[in-house]
Structure formats: C-alpha cells, structure tokens
Amino acid sequence: MNKKQLFGTNGVRGVIGKDMTPELVLRIGESLGTMRKGCIAVGRDTRTSGDTLAGAIKAGLLATGCDVVDCGILPTPALQYIVREHYDGGAMITASHNPPEYNGVKIIEPDGTEMGDDETIQLEQLILGRTYPVQSWNRVGRETAAPHAVDEYINAIASQFPNRPGTGMTIVVDPGSGPACLTTPRILSAMGCRVLTINGIMDGTFPGRLPEPSPDGLINLSLLVKASGAAFGVAHDGDADRAVFVDETGQFVEENQEFALVAKFICEKETGTLVTPVSTSQMVEQVATAAGSDVVYTPVGSIYVARKMRELIAAKRTVVFGGEGNGGLIFPNHQFCRDGGMTAAMMVAILARAQQPLSTLIAGLPRRIMKKEKIPTPDGLQVIAQLSIKYSHEQIDLTDGLKIRRGNYWALVRASGTEPLIRIMVDAENITQADAFFAELREQVASALIPQGK
Ligand code: MG
C-alpha cells in the first residue's frame, strides 16, 4: 500500500529554511498545476514566511499552465468556501496551529474539501519524481488578484443568521493575530453583537499568544471577557478552521464540551446522523442519541469526517453535523470543512435561543473524564495488532487503532502516523473508572513491548 510521505492529515508542514523551503513549495505548485487544470485560488495566513511561499506556489502553478487568483490573507475555511463557489482548486499557505517558525500548504479540492489520501499520494509521486512539464511562453498561466474575496465568505455565514440574534450581546474575539482578524469580528458584528478584540491586529510574529489556542494562552481573553461583561470569548487557531471558547466567567470550555453543546443545539432542531472520529468523547454521542440522532465514527482527521459526511449524504442519509473534539466543527448546511468563523456564529445563535449563560449550558452537559498519554515506541502497529487479538472477546472497533467499548466508557490505543509513539486515551464517566481502565491499558501496552526487548 502506498503511504503519504510528505503530507500529513492536514497538508504538508515544516520549519521554514529547514524542511519547508520555497523550492519544495514550487514543486508542490508545479505538481498541483500538472494534476489540476483551470484556475487555482491561493491564500495564506499571517505568517512572516507567507509571501515567500505564496510566491513559490503561484510560480509553480503558473509555470505548468494554471491560472492563479491570489486571495491574499484569509482563513482556510474562507478559501475553501471561495474555491467551492468559483474555482478549480485551491492552495492555502498555512501551518495552522504550529508555532511561528513553521509554515506549510493545504491543498483544496474544487468542492472545497481538503485533498484526500489517494489524490495526495498521486501529487506526492509527481513532487518526488519531478515529472511535470513546464509550459512554453504561450501556455503559461495568468495571475489575477481577489483581495475582497473574503467578503463573500463573511456574508455567507452572516446571512444564515438573518435576525441579528447577537443584539445586546458583547463578544470578545481573539483571532491570535491570524487571518480571522479580517472575518470573525465582522461576522459577529453583522449578527448584531458588540465585538471587542484582543490580538486583533494581523502579525506573523504572534506577539500576544501562539497560534494554538490553548488555555494558558487565553488568560488575557478570559480577563477581558470578565471585565467587559461579555457573553463569551472565542479564540481561533492560526488559520481559523477551529474555534475554542471561554464562558462568561472566563472559564475555558473543553473542546468536547463545545462540540457536545453545538451538537445538542443542532439535534434539537433536526435529527439525523453526526460524524466524528473515534477519539471524540462519548459526551457527544450521549447528547445526540438523547435527541434522537445517531453517530458514525471515522478515523482521526477532519478530512475523514468531511468525506464520510458527503458519502452518507450521497447514500441518502440525513447528516446534521460533524467535527472533532478539538474545536474543529463542520456544518453541512454551510460547507464540508471545519470552520471557526461559523462555529463562533453558531455559539451566538445558541445563547440567543437558550437565554441562559454559557457556563450554565456547559454545566448541563453529561459529565465525562478523559485521560490521555503518549508512550514512545517505533512498534506501535505491532502492539495494536497484539492487543486487538487480546481484546477480541470484547466490543472493539478497529476504525483507527483499537477502541474498546465497555458500556458507557471506552479506551483507544493508536499508533501515531507521524511520530514513533502510541497514544492511549480513556473516556469514562468518573475518575475511578478512568484510572482503572487506563492502568490496565498501560500495563497491556508495556507487556506487549517487553518481548521485543525495547
Ligand atoms: Mg487549523
């Protein structure tokens, strides 16, 4: 079986000047331009290396005969939306949540989804084999600019909430100096909210916080939410396909709780199927089934969720929602990719309907305990194969790694696709249950490793 070598689950990424160079991105552009014809939209996040890499990908696309439309700085979901509406593909220069020294490329298909595994392997073969024809002077592409393309994305979201449900609400937005500086404040303002921002000036040195919106980087957001009497604070990762929240008391909302709250709101309006990776907390399934919906599980990675959603819809299933337990939520009525701006807008709609504070809504969700650990080993796949036999008498799911379900709690053991390690996760109803199952799995992994003497 062919495996991806350069690209991970969400594109190719690396440290600028080391494993991420203009030369590599030029070859990605030439290869993409060979695989795809027509007009390709190019966008980037706010990283300092964005211009360099955008120049490289555009050069590659133009040289192989594609036209290019440069959409400038914008969130990844904005580029995805614009590609789906107008273009034959897209290339986003971004390293998402990685630190400032990283950058990379996400490839967007004509339908707005991220490129799947089979096409990515094809693309890699072209990149590694350097087997692309560069066109002659009369066949090279043309470049145009679409600096206001982002407006269409903002309007597409705002128009889903026509009655200004945010009227009277103050919201603090933390775009983390990323491209959502251009979008989320405008989306929420159009919904009637009073919007305050922090880290609201685009800056690729990320002076206020790192692009990963982790709780320790959101202390100032919490303080501003409390000081301003805001209904909530929302923060994005470096390319704004994810959104995370702090409630009105400044408390960080764990991402599975965020997912479950939005799932509850959606399933109360419409029943159907939810799609999420096997690693998502059972809280989401509890909320969905209580409202008469069901859940389909996929391997870990948003592209698998998005593609499964489309596959089920093609098979005439009603798919109401999808996403991951990391703040990356997919709204099928909008588009088939994670969308941080849409997630922020949805939270406004949820609070407007509930007429209760966010902290109260979160407290009303089922309680779960999640434990995670990484164990370094290059033999992850072997260990999982062994454990799968050992646990075969239990209710197991081999969608991605080994998931063992015991009634209302579960454990997941997965080998990392990119690093030599195994991840153990347990999701349970209480700490005793979680600790016991966790200790058991840890012991099983350790004993599976011993015979190999490593
Ligand atoms: Mg991202």
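Residues numbered from 1 in each chain as written. Predicted model: local features only at pLDDT ≥ 70, side-chain atom pairs only at ≥ 80, totals over all residues. Heavy atoms only, no water.

Novice: Kindly report on the coordination of the magnesium ion, identifying the contributing residues and their values.
Specialist: Taken together, the protein donors to the magnesium ion comprise S96 (OG), D237 (OD), D239 (OD) and D241 (OD), at separations of 2.0 to 2.2 Å. The motif formed by the donor residues of the magnesium ion, counted along the single chain, is S-x140-D-x1-D-x1-D. Neither residue differs from the other here; D239 and D241 are each classed as buried. (Donors = N, O, S within 2.8 Å, 3.2 Å for Na, K, Ca; no water. Buried < 20%, exposed > 50% of the residue type's maximum accessible area, 1.4 Å probe, protein only.)

Novice: Just give me the short version of the packing of aromatic side chains, but keep the residues and values in it.
Specialist: Tallied over the full model, the rule gives four aromatic pairs. Relative to F331, the ring of F321 lies with its centre 5.3 Å away and its plane at 35°, an arrangement referred to as tilted. Taken together, the residues F321 in strand β14 (residues 319-323) and F331 in the loop between β15 (329-330) and α11 (340-354) connect sequence positions 10 residues apart. Centroid distance Y409 to F437: 5.4 Å. Interplanar angle 80°. Geometry classified as edge-to-face. Placement of Y409 in strand β19 (residues 409-415) and of F437 in helix α14 (residues 431-449) is noted, with a sequence separation of 28 residues between them. A single burial state applies to Y409 and to F437, both of which are buried. Put simply, the rings of F259, F321 and F331 pair up and form one aromatic cluster. Directly above the aromatic system of F438 lies the positively charged group of K371, at a separation of 4.9 Å from the ring centroid. (Phe/Tyr/Trp six-rings, centres within 6.5 Å; stacked < 30°, edge-to-face > 60°. Helix = DSSP H or I, 4+ residues; strand = E, 2+ residues; numbered from the N terminus. Lys NZ or Arg CZ within 6 Å of the ring centre and 35° of its normal.)

Novice: Could you give an account of the pairing of strand β18 (residues 402-406), with specific residues and numbers?
Specialist: Where burial is concerned, most of β18 is hidden: four out of the five residues are buried. Where strand β17 (residues 395-397) and β18 come together, three bridges link them in antiparallel fashion. Considered in β18, the bridge of Q395 is made with R405. In this structure, the hairpin formed by β17 and β18 is closed by a connection of four residues, where G401 is found at a positive phi of approximately 70°. In this structure, β18 lies alongside β19, joined through five bridges in antiparallel fashion. Directly across from L402, in β19, lies its bridge partner V413. (Pairing = 2+ DSSP bridges.)

Novice: So what's going on with empty space enclosed by the protein? Residues and values would help.
Specialist: Any empty space left between atoms is shown by rolling a water-sized probe over those atoms. Evaluation of the coordinates by the stated rule reveals two cavities of 30 Å³ or more. Each pocket or cavity is described by its volume, and for the largest cavity that value is around 90 Å³. As for the largest cavity, its lining consists of K4, F7, G8, T9, G11, K106, I107, E114, M115, T120 and I303. Lining the second largest cavity, in full, are T113, E114, S302, I303, A306, I330, F336, C337 and R338. Ranked by residue count, the leading element in the lining of the second largest cavity is helix α10 (residues 302-314), at three residues. (1 Å grid on protein atoms, 1.4 Å probe; cavity = no way out; pocket = protein on both sides within 12 Å on 5 of 7 lines; lining within 4 Å. Points joined across faces, edges and corners; volume = space filled by probe spheres on them.)

Novice: Explain the side chain of R405 to me, using residue names and the numbers behind them.
Specialist: Positionally, R405 belongs in strand β18. Looking at R405, its side chain comes within polar contact range of the side chain of E285, at 3.1 Å. Not counting chain neighbours up to four residues away, the residues in contact with R405 comprise Q282, E285, Y297, Q395 and W410. (Polar contact = N/O pair within 3.5 Å; in protein donor to acceptor, adjacent residues only side chain to side chain. Contact = heavy atoms within 4.5 Å.)

Novice: Could you give an account of the domain arrangement of the protein chain, with specific residues and numbers?
Specialist: Here the protein chain is partitioned into domain 1 (12-147), domain 2 (152-249), domain 3 (255-363) and domain 4 (369-449). For domain 3 versus domain 4, the distance between C-alpha centres works out to 25 Å. Each partner contributes to the interface: domain 3 provides 12 residues, whereas domain 4 provides 14 residues. Sorting the residues of domain 3 by area buried against domain 4 places V278, S279 and Q282 first, and these three jointly supply 52% of that buried surface. A salt bridge links R405 to E285, with the nearest nitrogen and oxygen atoms 3.1 Å apart. (Domains from an automatic or database assignment. Buried area = accessible area lost by both parts, 1.4 Å probe. Salt bridge = Lys/Arg side-chain N within 4 Å of Asp/Glu carboxyl O.)

Novice: Mind laying out the pairing of strand β10 (residues 243-246), listing which residues take part and the relevant values?
Specialist: On β10, burial covers both faces: A243 and F245 on one face and V244 and V246 on the other are all buried. Pairing analysis gives four bridges linking strand β9 (residues 232-236) to β10, with the strands arranged antiparallel. From the neighbouring strand, V234 faces β10, where its bridge partner is F245. Counting the residues between successive antiparallel strands, the hairpin from β9 to β10 contains six residues, one of them, A240, with a positive phi of roughly 60°. Two elements, β10 and strand β11 (residues 252-253), share two bridges in a ladder whose sense is antiparallel. Bridge assignment links F245 to a residue of β11, and that residue is V253. Here β10 folds back onto β11 in antiparallel fashion, the turn holding five residues, of which G250 has a positive phi close to 90°.

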